[in-house]
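Geometric and topological summary
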Amino acid sequence: VQLQASGGGLVQAGGSLRLSCAASGRTFSGYPRGWFRQAPGKEREFVAAISRSGGTTTYADSVKGRFTISRDNAKNTVYLQMNSLKAEDTAVYYCAADSYARFYIPTLPGSYEYWGQGTQVTVSS
């Protein structure tokens, strides 16, 4: 099983990036998916997550209104559209996949079994 995150890069404050996370080796269409990030010297923190069907989403307060998580179950892929980026959004972004068909959306890293390798997002001010 592999989660491949992509789409990171260097962008100016106020700009946008779209991250993708493609899964291979098994299907995650029936499981919650999430995005987390980790800045240097800080713990990994929750960013956004999406329900099995994609009908429900949840966000960290720091990104609410600026980031949008979505999923394409046919492609086994989850996305994170990031707009109005700020310098404090600079971090390595990790995608994650749950292995339980939960009826709620987990926001703790320990709830996710599968992780991508991370993609660097750098926002210059």
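Residues numbered from 1 in each chain as written. Predicted model: local features only at pLDDT ≥ 70, side-chain atom pairs only at ≥ 80, totals over all residues. Heavy atoms only, no water.

Details of the side chain of Arg66
In this fold, Arg66 is placed in the loop between strand E6 (57-59) and strand E7 (67-72). The exposure class assigned to Arg66 is buried, which follows from its relative accessible area of 10%. Within the local environment of Arg66, its side chain forms a polar contact with the side chain of Asp89, the two groups lying 2.7 Å apart. Other than its neighbours up to four places away in sequence, Arg66 contacts Gln81, Met82, Asn83, Ser84, Leu85, Lys86 and Asp89. (Helix = DSSP H or I, 4+ residues; strand = E, 2+ residues; numbered from the N terminus. Buried < 20%, exposed > 50% of the residue type's maximum accessible area, 1.4 Å probe, protein only. Polar contact = N/O pair within 3.5 Å; in protein donor to acceptor, adjacent residues only side chain to side chain. Contact = heavy atoms within 4.5 Å.)

Considerations on the nonpolar core
If you look at the biggest cluster of nonpolar residues, it comprises 35 residues, and the most contacted ones within it are Trp35, Leu80, Met82 and Tyr93. Residue assignment for this core shows that the elements contributing at least two residues are strand E1 (2-6), strand E3 (17-24), strand E4 (33-38), strand E5 (45-50), E7, strand E8 (77-82), strand E9 (91-97) and strand E11 (119-124). Residues within four places of Leu80 in sequence aside, it is in contact with Leu17, Arg18, Leu19, Trp35, Val47, Ala48, Phe67, Thr68, Ile69 and Tyr93. (Core = buried A, V, L, I, M, F, W, Y, C linked by side-chain atoms within 4.5 Å.)

Structural notes on the environment of Gln12
Of note, Gln12 is situated in strand E2 (residues 9-12). With 16 residues separating them in the primary sequence, Gln12 and Phe28 have C-alpha atoms 33 Å apart. Leaving out residues up to four positions away in the same chain, Gln12 has contacts with Val123 and Ser124.

Side note on the packing of aromatic side chains
Under the criterion given, the structure shown has 6 aromatic pairs. Relative to Tyr114, the ring of Phe28 has its centre 5.3 Å away and its plane inclined at 65°; by these criteria the two rings are edge-to-face. On the criterion of sequence distance, the pair formed by Phe28 in the loop between E3 and E4 and Tyr114 in strand E10 (residues 114-115) is long-range, its members being 86 residues apart. For the residue pair Phe28 and Tyr114, the accessibility class agrees, reading buried in each case. Pairing Phe36 with Tyr112 gives two aromatic rings, centres 5.5 Å apart and planes at 75°, and the pair type is edge-to-face. With Phe36 in strand E4 and Tyr112 in the loop between E9 and E10, this residue pair connects regions lying 76 residues apart in the sequence. (Phe/Tyr/Trp six-rings, centres within 6.5 Å; stacked < 30°, edge-to-face > 60°.)

Observations concerning the pairing of E4
Most of E4 sits inside the fold, with 5 of its 6 residues counted as buried. The pairing of E4 with E5 spans 5 bridges and is classified as antiparallel. Within E5, the residue paired with Arg33 across the bridge is Ile50. Hairpin connection of E4 to E5: 6 residues between the antiparallel strands, including Gly41 at a positive phi of 80°. Inspection of the sheet shows E4 paired to E9 by 6 bridges, in the antiparallel sense. (Pairing = 2+ DSSP bridges.)

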